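So you can see what is in the structure, the chains are spelled out below.
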Amino acid sequence: MTLISFVVPAFKVEGYLRECLDSILGQPFTDIEVIGVDDHSPDSSGEIFAEYAARDPRVTVVALPENVGLGEARNIGLDRATGEYVWFVDSDDWLAEDCLPAVARRLRDTNPELLIVDHVRSYWDNSVLGSAMRELFPNPPGAVTFSLRERPELVGLLHTAWNKLVRRDFLVELGLRFGPGWYEDVSFTYPLLLAAERIGVLDLVCVNYRQRRTGAITRTRGDRHFEVFPHWQRVFELMDEWAPSVDDLRPLIFRRMIWHYLTVLGNGDRIGTKLRPAFFARMAADYRRWLPPGGYPVPGGAEGVKHRLVAKGQWRTFSALRTVHLVRGRLQDGARAGRRAVLPRARQTARFGRDTVLRGYYQAQLRLPIDQKLALYAAYWYRGYACNPAAIHAKARELAPHIRGVFVVRRDRVASLPPGVEYVVAGSAAYYRALARAKWLVNNVNYPDFVVKRPGSVHIQTHHGTPVKVMGLDQQRYPTGAVGMEFSKLLHRIDRWDFSVSSNTFSTQMWDRAYPANYTALNTGYPRNDRLVTATAEEIATIRAGLGFGPDDRVVLYAPTHREHLPGYRPPFDPAEFVEALGPQTRLMMRSHYFHDRDVAGSVSTAGRVRDMSAHPSVEDLYLAADVLVTDYSSAMFDYGTLDRPIVIYAPDWDAYRLARGVYFDVTAEPPGAVARTFPDLLDLFRSGAVENDAAAKARGHFRARFCVLDDGRAAERVVRRTLLGEPG
């Protein structure tokens, strides 16, 4: 029999599900199975489950025809579990590295009915908060078991299902199931604690409990929090059924119920002002209904005051005392903030000049109406007319000619703009006016921090690549690659987004995790790739001829990524040796990342067979001209993949790169073609024909199926219709 069955329900967790599954399947303990339950998720969670099941026989997927909620999804997973123990892991959490061997040892050594493991709360800002286990068990109990009656402090541990492993036979015999709605863990956990005679505690952090910035029910206001009451009702109904065997534990459970109600009511992110009196009334009713005949130990201090007010149903007094407490806290916070702000204000008063005047002009423009026919575009920190914003701008001129499109550009890049493109120069008065008044703001990076998200404006983040390296908040785990980043300001910027354009569902999953905010994801494909899909043979021949390449030349494009942790890095790559080794018909185009040397003119060497194309205005031209792409970890591979031409991964520093910068997937294990780790290997791939043999073609096919299916030549149209014209997706 399998030792542990993991039940992992999923609903709208595409940004976190991979990390959850990897944390389970990557453990140095394999006697497990994973029951993935796709709760009719509207995102790509089901697609992720299917991908993992296809490559790991330990994963079984149940795809539900309709959404049933977390509790019933867990029940369905339980019915399919075959393991000795069941572990209900939430799909946005993840297991601690290498924790399973210790869990397995404790299960085998003590044979518990219920094993509770430790956890930490992992916040989106990379901070971590420990659980109450060490406080409740200052002396770890070790490899022993006990009942709740013997160790009543167990009731103080978090009442969730995911920090508990339950013997499956015990759970089935007990007939305990998860109830519907929110707070389903309540009517599961407390009956388990009451019924189990052999409970173990493992003081090892096994679960990272993700504290999501958006999407968690603990940060969602509404009347669904009233669903906590029927779950506690179920707990006391079961105690009535099991009486008198658990009567002595009623005071303990009752006190915990009142604590829980007060916790929910006291959280402003859950219960809004209008709902608070009704919630309090339900609390008071349950207090009277379930109060043990002999009473219970009322806590002391302020907590005890709350209990007594609930007992008497005195809402007005309860509310008034809470208001006093909140006001006192805000005054204290304000005083601290004021002391911290003295020095920055003093510095700011000394900053006058042109920028100050223009910022004032921007603030004045914000008081004027939004221009309902103005769309402002920008790309790569105002480097020119490029990427997705340029493609959307061009399509908008065709589909929405009534909308005036204006591009922001640096003064030194004005000459690079195509004829007829209206523009404003970054830093000018016209620039500040457009920023303040535009209805639509489109960018593939972010507009400056001072830009205000006006009500009624629409911010469209197009991004500029499919992420191989970690991005956004995920960079907090890799500080070497995040030098100079201010994550609080990043959050301010992403909170302005209304739409996030994705090239594929993988990108959507990663953006959801890296940029947690309340925007709408657009799975449209990349507008900039429309041109690659629709280009004709005649257009490609013209581009090649314009670049000086003949029809018989074999053109290779080399496009590496940027390395934040290695300024000035250049991979070990000898262009002259490369073209000499591959024969006289080989031509090599070198294109650096846009962070490097795009300002310099292209150079020519080796009798014109090697060309630096870093300054060429259109990377799409280079893609169309190239017969083969050589890259490392650049998003160029995803764009070029739409052409279905050979791609080579040249990764001489892969091990160092993924450790320093962090990556979302292994491009050497799931490549778009052949892989070389050294320069001699790279030459051998070309000499032997492995660049385009059957194995390389098969790898490219898998890669394209995963990353390139949305790029069908109509991505820009989809974005324009959805965001500028307001048509339904």
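Engineer: Where do I start with the overall build of the chain in this structure?
Structural biologist: Regarding its fold elements, the chain presents 26 helices and 23 strands. Here the C-alpha atoms of the chain give a radius of gyration of 30 Å, agreeing with the 27 Å that 2.2 N^0.38 yields for 729 residues. Reported as C-alpha extents along the three principal axes, the dimensions of the chain are approximately 95 × 65 × 45 Å. Relative to its 729 residues, the chain shows a buried fraction of 54%. The long-range fraction of contacts in the chain, counting pairs at least 24 apart against all pairs at least 6 apart in sequence, stands at 74%. Accessible surface computed for the chain: about 31400 Å², of which carbon and sulfur atoms make up 53%. Taking the average place of the 93 positive charges on the side chains of the chain and the average place of its 85 negative ones, the gap between the two points comes to 9 Å.

Engineer: Even after reading the chapter, I still don't get the packing of helix 9 (residues 250-266) against helix 11 (residues 301-312), so can you show me in this structure?
Structural biologist: In helix packing, the relevant descriptors are the interaxial angle and the interaxial distance, both defined with respect to the helix axes. Packing of helix 9 against helix 11 brings their axes to within 11 Å, and their N-to-C directions diverge by 95°. By the criterion of interaxial angle, the relationship of helix 9 to helix 11 is roughly perpendicular. From helix 9, R255, I258, W259 and L262 reach across to helix 11, where they touch E303, K306, H307 and V310. Across the contact of helix 9 with helix 11, the residue classes tally to 4 nonpolar, 1 polar and 3 charged.

Engineer: Where do I start with the sheet that holds strand 11 (residues 404-409) in this structure?
Structural biologist: One key point about sheets: their strands pair by backbone hydrogen bonds, in either a parallel or an antiparallel sense. Pairing in this open sheet of 7 strands is parallel, and the strands run 12-11-10-13-14-15-16 from one edge to the other. Of all strands in the sheet, those with a lone pairing partner are strand 12 (423-425) and strand 16 (520-523), marking the two edges. The average undirected angle you get between the axes of adjacent strands in this sheet is 25°. The pairing of strand 14 (residues 458-461) with strand 15 (residues 499-502) spans 2 bridges and is parallel. What sits directly across from I460, in strand 15, is F499.

Engineer: Sorry, what's going on with the packing of helix 10 (residues 276-290) against helix 11 here?
Structural biologist: Between helix 10 and helix 11, the shortest axis-to-axis distance is 7 Å and the interhelical angle comes to 85°. Judged by the angle between their axes, helix 10 and helix 11 are roughly perpendicular. Residues F280, M283, A284 and Y287 of helix 10 pack against H307, L309, V310 and A311 of helix 11. Grouping the amino acids of the contact of helix 10 with helix 11 by side-chain chemistry returns 7 nonpolar, 1 polar and no charged.

Engineer: Help me understand the environment of G427, please; the structure alone is not making it clear to me.
Structural biologist: Tracing the chain through its elements places G427 in the loop between strand 12 and helix 15 (429-437). We classify G427 as partly exposed; its relative accessible area is 22%. Beyond its immediate sequence surroundings of up to four residues, G427 is in contact with R354, L358 and Y432.

Engineer: Honestly, helix 3 (residues 70-80) in this entry has me stumped. Any pointers?
Structural biologist: Each α-helix turn comprises 3.6 residues. Residues three or four places apart therefore point the same way. Of the residues making up helix 3, those classed as buried are G71, A73, R74, N75, I76, G77 and L78. Where helix 3 is buried, its residues meet strand 1 (4-10), strand 2 (32-38), strand 3 (59-63), strand 4 (85-88) and helix 6 (168-174).

Engineer: Can you help me understand the nonpolar core in this one?
Structural biologist: Nonpolar side chains in soluble globular proteins generally cluster together in the buried interior. Grouped together as the largest cluster of nonpolar side chains are 78 residues, with contacts concentrated most on Y515, M589 and M637. Residues contacting Y515, with those up to four places away along its chain left out, are H463, M471, G472, L490, I494 and W497. In terms of nonpolar packing, the next biggest core, distinct from the first, is built from 66 residues, V37, L64, L238 and F318 among them.

Engineer: Would you mind showing me how to read the pairing of strand 9 (residues 199-211) here?
Structural biologist: Side chains on a regular strand alternate between the two faces of the sheet. Counting buried positions along strand 9 gives 10 out of 13 residues, so the element sits mostly inside the fold. Where strand 5 (residues 94-95) meets strand 9, 2 bridges bridge the pair, whose relative direction is antiparallel. Counterpart to W94 in the pairing with strand 9 is N208. Two strands pair when backbone bridges link them, and strand 6 (residues 114-123) and strand 9 are joined in this way by 10 bridges, in the parallel orientation. Bridged to Y123 within strand 9 is Q211.

Engineer: I would appreciate a short explanation of the state of the cysteines in the present structure.
Structural biologist: A covalent bond between the sulfur atoms of two cysteines is what we call a disulfide. In the structure shown here, the tally under the stated rule is 0 disulfides. You can see C708 has no disulfide; the closest cysteine sulfur is in C387, sitting 15 Å from it. In this structure C708 comes out as buried when scored by relative accessible area, which is 7%.

Engineer: Looking at this structure, how should I read the pairing of strand 18 (residues 586-590)?
Structural biologist: Of all 5 residues in strand 18, 5 are buried, a share of seventy percent or more. Residue alternation in strand 18 divides its side chains into two sets, T586, L588 and M590 and R587 and M589, and both sets are buried. Two strands pair when backbone bridges link them, and strand 17 (residues 554-559) and strand 18 are joined in this way by 5 bridges, in the parallel orientation. Of the residues in strand 18, the one forming a bridge with Y558 is M590. As paired strands, strand 18 and strand 20 (residues 610-612) are joined by 3 bridges and run parallel to one another. Across the sheet, residue M590 finds its bridge partner in strand 20, namely D612.

About the cut-offs
Residues numbered from 1 in each chain as written. Predicted model: local features only at pLDDT ≥ 70, side-chain atom pairs only at ≥ 80, totals over all residues. Heavy atoms only, no water. Helix = DSSP H or I, 4+ residues; strand = E, 2+ residues; numbered from the N terminus. Rg over C-alpha atoms; globule rule 2.2 N^0.38 Å. Buried < 20%, exposed > 50% of the residue type's maximum accessible area, 1.4 Å probe, protein only. Contact = heavy atoms within 4.5 Å. Areas by Shrake-Rupley, 256 points an atom, 1.4 Å probe, with all protein chains shown as cover. Lys, Arg positive; Asp, Glu negative; His and termini not counted. Charge placed at Lys NZ, Arg CZ, Asp CG, Glu CD. Axes fitted to C-alpha atoms, helices over the stretch in contact; angles between N-to-C directions. Parallel < 35°, antiparallel > 145°, perpendicular 65-115°, else oblique. Nonpolar A, V, L, I, M, F, W, Y, C, P; charged D, E, K, R; others polar. Pairing = 2+ DSSP bridges. Core = buried A, V, L, I, M, F, W, Y, C linked by side-chain atoms within 4.5 Å. Disulfide = S-S within 2.5 Å.

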